Amino acid sequence: SDEDNRGRRRRSYGSTMFLPTDLFWYLDAGSSRRRRVEKDKGMSFIESVFSFVFGNGDPNDGLEERRWKMIGQYISSNGGVVTAEELAPYLDVPAPAEQTNSKDDESFILPVLLRFQGHPLVDDQGNILYRFPSLQRTASSKGGGSREYVGTRWSTMSSGIEKFMEEKPWEFSKANALERAMVAGLGGLNLFGVIILGNLLKQMTMTPGGLISFAAQLFPLLQIYAGSFFAIPLFRWLLLRKTNNDIARRNKAREERAQELLSPEPSLRRKLLSARDMAQRKVITPGEIVYTTEKDLLDQEYEVREWERRFKKLESD
(Lines give C-alpha, C1' and ligand atoms only; values in the text may rest on other atoms or scores of the structure.)
Protein backbone atom coordinates (compact mmCIF):
# COMPACT_ATOMS: atom_id res chain seq x y z
CA SER A 1 0.00 0.00 0.00
CA ASP A 2 0.98 3.64 -0.29
CA GLU A 3 1.39 3.82 3.48
CA ASP A 4 4.29 1.33 3.31
CA ASN A 5 6.19 3.51 0.83
CA ARG A 6 5.99 6.72 2.79
CA GLY A 7 8.64 7.91 5.18
CA ARG A 8 8.06 6.54 8.60
CA ARG A 9 7.96 8.80 11.59
CA ARG A 10 10.42 7.66 14.18
CA ARG A 11 10.71 8.97 17.67
CA SER A 12 14.23 9.78 18.72
CA TYR A 13 15.73 11.48 21.67
CA GLY A 14 19.17 12.26 22.93
CA SER A 15 20.26 12.35 26.51
CA THR A 16 23.63 12.72 28.21
CA MET A 17 24.02 11.66 31.83
CA PHE A 18 26.87 12.95 34.00
CA LEU A 19 27.57 11.03 37.20
CA PRO A 20 29.80 12.99 39.60
CA THR A 21 31.37 10.09 41.49
CA ASP A 22 32.67 7.96 38.66
CA LEU A 23 32.65 10.52 35.80
CA PHE A 24 31.17 8.60 32.92
CA TRP A 25 28.62 9.48 30.33
CA TYR A 26 26.31 7.68 28.01
CA LEU A 27 24.89 9.10 24.81
CA ASP A 28 21.64 7.53 23.74
CA ALA A 29 21.20 8.05 19.99
CA GLY A 30 17.48 7.33 20.00
CA SER A 31 15.14 4.41 20.28
CA SER A 32 15.03 3.86 16.51
CA ARG A 33 18.85 3.53 16.40
CA ARG A 34 19.41 1.92 19.75
CA ARG A 35 22.06 -0.75 19.53
CA ARG A 36 20.74 -4.30 19.74
CA VAL A 37 22.68 -6.34 22.29
CA GLU A 38 22.53 -10.10 22.10
CA LYS A 39 21.90 -11.91 25.35
CA ASP A 40 24.85 -14.23 25.00
CA LYS A 41 27.26 -11.29 24.56
CA GLY A 42 25.73 -9.15 27.31
CA MET A 43 26.12 -5.41 27.77
CA SER A 44 29.01 -3.18 28.58
CA PHE A 45 29.06 -1.79 32.12
CA ILE A 46 27.99 1.69 31.02
CA GLU A 47 25.12 0.24 29.00
CA SER A 48 24.08 -1.84 31.99
CA VAL A 49 23.97 1.25 34.20
CA PHE A 50 21.87 3.17 31.68
CA SER A 51 19.56 0.18 31.17
CA PHE A 52 19.08 -0.29 34.92
CA VAL A 53 18.36 3.38 35.64
CA PHE A 54 16.51 4.54 32.52
CA GLY A 55 15.39 1.37 30.73
CA ASN A 56 15.76 0.35 27.10
CA GLY A 57 13.13 2.31 25.22
CA ASP A 58 9.67 1.57 23.87
CA PRO A 59 9.29 -2.07 22.74
CA ASN A 60 6.22 -1.06 20.68
CA ASP A 61 7.96 1.54 18.56
CA GLY A 62 6.13 1.75 15.23
CA LEU A 63 2.97 0.20 16.68
CA GLU A 64 0.57 2.54 14.87
CA GLU A 65 2.19 1.88 11.50
CA ARG A 66 1.90 -1.85 12.11
CA ARG A 67 -1.71 -1.48 13.24
CA TRP A 68 -2.80 0.36 10.07
CA LYS A 69 -0.92 -2.07 7.87
CA MET A 70 -2.72 -5.05 9.45
CA ILE A 71 -6.12 -3.34 9.18
CA GLY A 72 -5.53 -2.44 5.55
CA GLN A 73 -4.46 -5.98 4.70
CA TYR A 74 -7.50 -7.45 6.41
CA ILE A 75 -9.98 -5.11 4.70
CA SER A 76 -8.37 -5.68 1.30
CA SER A 77 -8.32 -9.47 1.71
CA ASN A 78 -12.05 -9.41 2.53
CA GLY A 79 -13.07 -7.47 -0.54
CA GLY A 80 -13.27 -4.02 1.02
CA VAL A 81 -16.47 -4.66 3.02
CA VAL A 82 -16.17 -5.65 6.67
CA THR A 83 -18.01 -5.43 9.98
CA ALA A 84 -16.94 -3.57 13.09
CA GLU A 85 -16.47 -6.89 14.89
CA GLU A 86 -13.84 -7.91 12.35
CA LEU A 87 -11.72 -4.82 12.96
CA ALA A 88 -12.09 -4.82 16.75
CA PRO A 89 -9.13 -7.27 17.23
CA TYR A 90 -6.82 -4.61 15.80
CA LEU A 91 -8.13 -1.63 17.78
CA ASP A 92 -8.19 -0.58 21.43
CA VAL A 93 -11.62 -1.82 22.46
CA PRO A 94 -12.99 -3.25 25.72
CA ALA A 95 -13.43 -6.97 26.16
CA PRO A 96 -16.87 -8.39 25.18
CA ALA A 97 -17.70 -9.03 28.86
CA GLU A 98 -16.97 -5.38 29.72
CA GLN A 99 -19.12 -3.99 26.90
CA THR A 100 -22.53 -4.65 28.44
CA ASN A 101 -24.46 -1.38 28.25
CA SER A 102 -23.12 -0.29 24.86
CA LYS A 103 -22.80 -3.51 22.90
CA ASP A 104 -24.07 -1.82 19.74
CA ASP A 105 -21.63 1.08 20.07
CA GLU A 106 -19.32 0.96 17.05
CA SER A 107 -17.78 4.41 17.44
CA PHE A 108 -14.33 2.81 17.72
CA ILE A 109 -14.47 2.24 13.95
CA LEU A 110 -14.40 6.00 13.18
CA PRO A 111 -10.56 6.32 13.00
CA VAL A 112 -10.50 3.47 10.45
CA LEU A 113 -13.15 5.18 8.32
CA LEU A 114 -11.16 8.41 8.33
CA ARG A 115 -7.88 6.66 7.64
CA PHE A 116 -9.04 4.56 4.67
CA GLN A 117 -11.89 6.81 3.46
CA GLY A 118 -14.62 4.31 4.22
CA HIS A 119 -18.32 4.77 4.82
CA PRO A 120 -21.08 2.81 6.56
CA LEU A 121 -23.91 1.07 4.76
CA VAL A 122 -26.93 -0.94 5.86
CA ASP A 123 -27.83 -4.31 4.37
CA ASP A 124 -31.32 -5.75 3.87
CA GLN A 125 -31.33 -7.20 7.38
CA GLY A 126 -30.51 -3.89 9.04
CA ASN A 127 -26.88 -4.75 9.81
CA ILE A 128 -24.34 -1.94 9.66
CA LEU A 129 -21.40 -2.77 7.39
CA TYR A 130 -18.44 -0.67 6.33
CA ARG A 131 -17.21 -0.32 2.77
CA PHE A 132 -13.77 0.96 1.79
CA PRO A 133 -13.77 1.68 -1.96
CA SER A 134 -10.06 2.53 -2.03
CA LEU A 135 -9.30 -1.02 -0.88
CA GLN A 136 -11.70 -2.61 -3.35
CA ARG A 137 -10.09 -1.39 -6.54
CA THR A 138 -7.48 -3.76 -7.89
CA ALA A 139 -5.99 -4.65 -11.24
CA SER A 140 -6.91 -8.29 -10.73
CA SER A 141 -10.22 -9.84 -11.66
CA LYS A 142 -10.13 -12.11 -8.63
CA GLY A 143 -13.40 -12.05 -6.72
CA GLY A 144 -13.98 -11.22 -3.09
CA GLY A 145 -14.41 -13.53 -0.15
CA SER A 146 -16.66 -16.55 -0.52
CA ARG A 147 -19.73 -17.04 1.62
CA GLU A 148 -18.61 -20.39 2.95
CA TYR A 149 -15.43 -18.94 4.43
CA VAL A 150 -16.85 -17.54 7.65
CA GLY A 151 -15.64 -18.48 11.11
CA THR A 152 -12.91 -21.10 11.48
CA ARG A 153 -12.67 -21.89 7.76
CA TRP A 154 -12.32 -18.21 6.90
CA SER A 155 -9.60 -17.91 9.55
CA THR A 156 -7.73 -20.81 7.96
CA MET A 157 -8.00 -19.33 4.47
CA SER A 158 -6.63 -15.96 5.60
CA SER A 159 -3.84 -17.47 7.69
CA GLY A 160 -1.31 -15.00 6.28
CA ILE A 161 -2.90 -12.16 8.26
CA GLU A 162 -2.47 -11.85 12.01
CA LYS A 163 -5.72 -12.52 13.84
CA PHE A 164 -5.24 -9.69 16.34
CA MET A 165 -2.69 -7.05 17.22
CA GLU A 166 -0.53 -7.90 20.20
CA GLU A 167 1.50 -5.32 22.11
CA LYS A 168 4.80 -6.25 23.70
CA PRO A 169 5.22 -5.69 27.45
CA TRP A 170 7.87 -3.30 28.72
CA GLU A 171 11.06 -4.74 30.20
CA PHE A 172 12.53 -3.20 33.31
CA SER A 173 16.05 -3.77 31.98
CA LYS A 174 17.73 -5.95 29.39
CA ALA A 175 20.76 -6.38 31.63
CA ASN A 176 21.20 -9.90 33.02
CA ALA A 177 21.32 -10.80 36.70
CA LEU A 178 25.10 -10.40 37.02
CA GLU A 179 25.08 -7.03 35.29
CA ARG A 180 22.24 -5.81 37.50
CA ALA A 181 24.13 -6.97 40.59
CA MET A 182 27.20 -4.99 39.50
CA VAL A 183 25.11 -1.88 38.88
CA ALA A 184 23.38 -2.26 42.24
CA GLY A 185 26.79 -2.66 43.84
CA LEU A 186 27.93 0.61 42.26
CA GLY A 187 24.82 2.36 43.55
CA GLY A 188 25.35 0.91 47.03
CA LEU A 189 28.99 1.99 47.00
CA ASN A 190 28.00 5.53 46.01
CA LEU A 191 25.37 5.65 48.74
CA PHE A 192 27.81 4.33 51.33
CA GLY A 193 30.42 6.91 50.24
CA VAL A 194 27.92 9.76 50.56
CA ILE A 195 26.96 8.65 54.07
CA ILE A 196 30.63 8.43 55.16
CA LEU A 197 31.42 11.81 53.62
CA GLY A 198 28.43 13.39 55.34
CA ASN A 199 29.54 12.08 58.74
CA LEU A 200 33.07 13.36 58.18
CA LEU A 201 31.84 16.82 57.26
CA LYS A 202 29.61 16.96 60.36
CA GLN A 203 32.49 16.00 62.69
CA MET A 204 34.82 18.72 61.37
CA THR A 205 35.29 21.60 63.85
CA MET A 206 37.69 23.72 61.78
CA THR A 207 36.77 25.75 58.73
CA PRO A 208 37.19 23.49 55.69
CA GLY A 209 39.51 24.55 52.89
CA GLY A 210 40.96 23.27 49.64
CA LEU A 211 39.73 19.82 48.63
CA ILE A 212 37.54 19.50 51.72
CA SER A 213 35.80 22.78 50.89
CA PHE A 214 35.19 21.57 47.32
CA ALA A 215 33.75 18.28 48.64
CA ALA A 216 31.46 20.19 51.00
CA GLN A 217 30.11 22.28 48.13
CA LEU A 218 29.64 19.19 45.98
CA PHE A 219 27.99 17.17 48.74
CA PRO A 220 24.33 18.15 47.95
CA LEU A 221 24.81 17.01 44.34
CA LEU A 222 26.33 13.74 45.54
CA GLN A 223 23.31 13.17 47.76
CA ILE A 224 20.91 13.77 44.86
CA TYR A 225 22.86 11.41 42.60
CA ALA A 226 23.09 8.63 45.19
CA GLY A 227 19.37 8.85 45.95
CA SER A 228 18.21 9.11 42.34
CA PHE A 229 20.34 6.10 41.36
CA PHE A 230 17.72 3.94 43.11
CA ALA A 231 14.73 6.30 43.17
CA ILE A 232 14.43 6.50 39.38
CA PRO A 233 14.45 2.70 38.84
CA LEU A 234 11.93 2.28 41.68
CA PHE A 235 9.59 4.82 40.10
CA ARG A 236 10.02 3.14 36.70
CA TRP A 237 9.26 -0.28 38.18
CA LEU A 238 6.00 0.95 39.69
CA LEU A 239 5.05 2.69 36.45
CA LEU A 240 5.89 -0.37 34.32
CA ARG A 241 3.68 -2.58 36.47
CA LYS A 242 0.66 -0.44 35.65
CA THR A 243 1.70 -0.08 31.99
CA ASN A 244 2.15 -3.82 31.52
CA ASN A 245 -1.17 -4.56 33.23
CA ASP A 246 -2.89 -2.22 30.78
CA ILE A 247 -1.08 -3.87 27.84
CA ALA A 248 -2.10 -7.34 29.05
CA ARG A 249 -5.71 -6.17 29.40
CA ARG A 250 -5.78 -4.73 25.87
CA ASN A 251 -4.15 -7.84 24.40
CA LYS A 252 -6.67 -10.09 26.15
CA ALA A 253 -9.59 -7.98 24.91
CA ARG A 254 -8.34 -8.15 21.31
CA GLU A 255 -7.77 -11.89 21.56
CA GLU A 256 -11.29 -12.43 22.88
CA ARG A 257 -12.67 -10.36 20.01
CA ALA A 258 -10.73 -12.52 17.56
CA GLN A 259 -12.03 -15.70 19.18
CA GLU A 260 -15.59 -14.49 18.63
CA LEU A 261 -14.94 -14.50 14.88
CA LEU A 262 -13.76 -18.12 14.91
CA SER A 263 -17.06 -19.38 16.34
CA PRO A 264 -19.53 -16.57 15.68
CA GLU A 265 -23.01 -16.60 17.16
CA PRO A 266 -25.93 -16.79 14.66
CA SER A 267 -26.53 -13.04 14.47
CA LEU A 268 -22.85 -12.28 13.95
CA ARG A 269 -22.55 -15.07 11.41
CA ARG A 270 -25.39 -13.61 9.34
CA LYS A 271 -23.70 -10.22 9.53
CA LEU A 272 -20.38 -11.67 8.33
CA LEU A 273 -22.12 -13.51 5.49
CA SER A 274 -23.78 -10.28 4.42
CA ALA A 275 -20.41 -8.52 4.36
CA ARG A 276 -18.95 -11.29 2.22
CA ASP A 277 -21.85 -10.99 -0.21
CA MET A 278 -21.33 -7.25 -0.60
CA ALA A 279 -17.56 -7.56 -1.02
CA GLN A 280 -17.44 -6.95 -4.77
CA ARG A 281 -14.00 -5.97 -5.98
CA LYS A 282 -13.74 -3.40 -8.73
CA VAL A 283 -11.38 -4.23 -11.55
CA ILE A 284 -9.32 -1.56 -13.31
CA THR A 285 -9.41 -2.42 -16.98
CA PRO A 286 -6.76 -1.28 -19.50
CA GLY A 287 -9.17 1.41 -20.70
CA GLU A 288 -9.13 2.97 -17.22
CA ILE A 289 -5.34 3.42 -17.03
CA VAL A 290 -4.37 7.09 -16.91
CA TYR A 291 -0.95 7.14 -18.57
CA THR A 292 0.81 4.65 -20.78
CA THR A 293 3.90 4.79 -23.02
CA GLU A 294 1.89 3.38 -25.92
CA LYS A 295 0.09 6.70 -26.64
CA ASP A 296 1.17 10.27 -27.28
CA LEU A 297 1.15 12.55 -24.22
CA LEU A 298 -1.30 15.05 -25.76
CA ASP A 299 -3.77 12.28 -26.49
CA GLN A 300 -3.50 11.00 -22.96
CA GLU A 301 -4.15 14.43 -21.46
CA TYR A 302 -7.46 14.50 -23.29
CA GLU A 303 -8.28 11.02 -21.98
CA VAL A 304 -7.56 12.05 -18.38
CA ARG A 305 -10.83 13.98 -18.20
CA GLU A 306 -12.72 10.97 -19.49
CA TRP A 307 -10.94 8.74 -16.99
CA GLU A 308 -11.86 11.05 -14.11
CA ARG A 309 -15.48 10.91 -15.18
CA ARG A 310 -15.46 7.12 -15.19
CA PHE A 311 -13.58 7.08 -11.88
CA LYS A 312 -16.29 9.17 -10.23
CA LYS A 313 -18.88 6.85 -11.68
CA LEU A 314 -17.10 3.89 -10.09
CA GLU A 315 -17.06 5.69 -6.75
CA SER A 316 -20.79 6.31 -6.88
CA ASP A 317 -21.63 2.67 -7.70
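See the structure shown above.
This section reports on the structure supplied with the text. Computed from a prediction, not measured in an experiment: that's the story for all the values here.

What counts, and where the lines are drawn
- Residues numbered from 1 in each chain as written.
- Predicted model: local features only at pLDDT ≥ 70, side-chain atom pairs only at ≥ 80, totals over all residues.
- Heavy atoms only, no water.
- Helix = DSSP H or I, 4+ residues; strand = E, 2+ residues; numbered from the N terminus.
- Buried < 20%, exposed > 50% of the residue type's maximum accessible area, 1.4 Å probe, protein only.
- Contact = heavy atoms within 4.5 Å.
- Areas by Shrake-Rupley, 256 points an atom, 1.4 Å probe, with all protein chains shown as cover.
- Phe/Tyr/Trp six-rings, centres within 6.5 Å; stacked < 30°, edge-to-face > 60°.
- Lys NZ or Arg CZ within 6 Å of the ring centre and 35° of its normal.
- Core = buried A, V, L, I, M, F, W, Y, C linked by side-chain atoms within 4.5 Å.
- Pairing = 2+ DSSP bridges.
- Patch = residues over 30% accessible without salt bridge, like charges linked within 9 Å, V, L, I, M, F, W, Y side chains within 5 Å.
- Salt bridge = Lys/Arg side-chain N within 4 Å of Asp/Glu carboxyl O.

Once that is clear, we can look at the overall build of the protein chain. A tally of regular secondary structure across the protein chain gives 10 helices and seven strands. Burial statistics for the protein chain: of 317 residues in total, 35% are counted as buried. Excluding contacts between residues fewer than 6 apart, the proportion of contacts in the protein chain whose partners are at least 24 apart in sequence is 71%. Just so you have it, the protein chain exposes about 20200 Å², and 56% of that area is on carbon and sulfur atoms.

As a further point, take the packing of aromatic side chains. Going through the model one piece at a time under the given rule, you end up with eight aromatic pairs. With 5.8 Å between their ring centres and 90° between their planes, Phe52 and Phe172 make a pair best called edge-to-face. One end of the pair, Phe52, is in helix α2 (residues 45–54); the other, Phe172, is in the loop between α6 (152–157) and α7 (177–203), and 120 residues separate them in sequence. Neither residue differs from the other here; Phe52 and Phe172 are each classed as buried. For the cation-ring pair, Arg236 lies above Phe172, with the distance from its terminal atom to the ring centre recorded as 4.6 Å.

Position of Arg254 among the secondary structure elements: in helix α8 (residues 211–262). Setting aside anything within four residues of it in sequence, one finds Arg254 in contact with Arg67, Ala88, Pro89, Tyr90, Leu91, Asp92, Phe164, Met165 and Glu167.

Further remarks concern the nonpolar core. Ranked by internal contacts, the top residues of the largest apolar core, which has 23 residues, are Ile71, Ile75, Leu87, Ile109, Val112 and Phe132. If you tally residues by element for this core, the top one is helix α3 (residues 63–77), at six residues. Leaving out residues up to four positions away in the same chain, Ile109 has contacts with Ala84, Leu87, Leu91 and Tyr130. Grouped together as the second largest cluster of nonpolar side chains are nine residues, Val49, Phe52, Val53 and Val183 included.

To continue, consider the pairing of strand β4 (residues 119–122). Across a regular strand the side chains alternate sides, sitting on one face of the sheet and then on the other. Across four bridges, β4 lies against strand β5 (residues 128–131) in antiparallel orientation. Bridged to Val122 within β5 is Ile128. Counting the residues in the hairpin turn of β4 and β5 gives five residues, including Gly126, whose phi is positive at 85°.

Here we come to α2. Of all the 10 residues making up α2, seven are buried; the element is thus mostly covered by neighbouring parts of the structure. Within the sequence span of α2, burial applies to Glu47, Ser48, Val49, Phe50, Ser51, Phe52 and Val53. Just downstream of α2, Gly55 is the residue with a positive phi angle, here 85°.

It is worth spelling out a nonpolar patch on the surface at this point. Together, Phe45, Ile46, Leu178 and Met182 give the surface a local cluster of nonpolar side chains, amounting to about 370 Å² of exposed area. Within the residue set of the nonpolar patch, elements represented by two or more residues are α2 and α7. Looking at the element boundaries, Met182 is found in helix α7. Under the relative-accessibility criterion, Met182 is labelled partly exposed at 45%.

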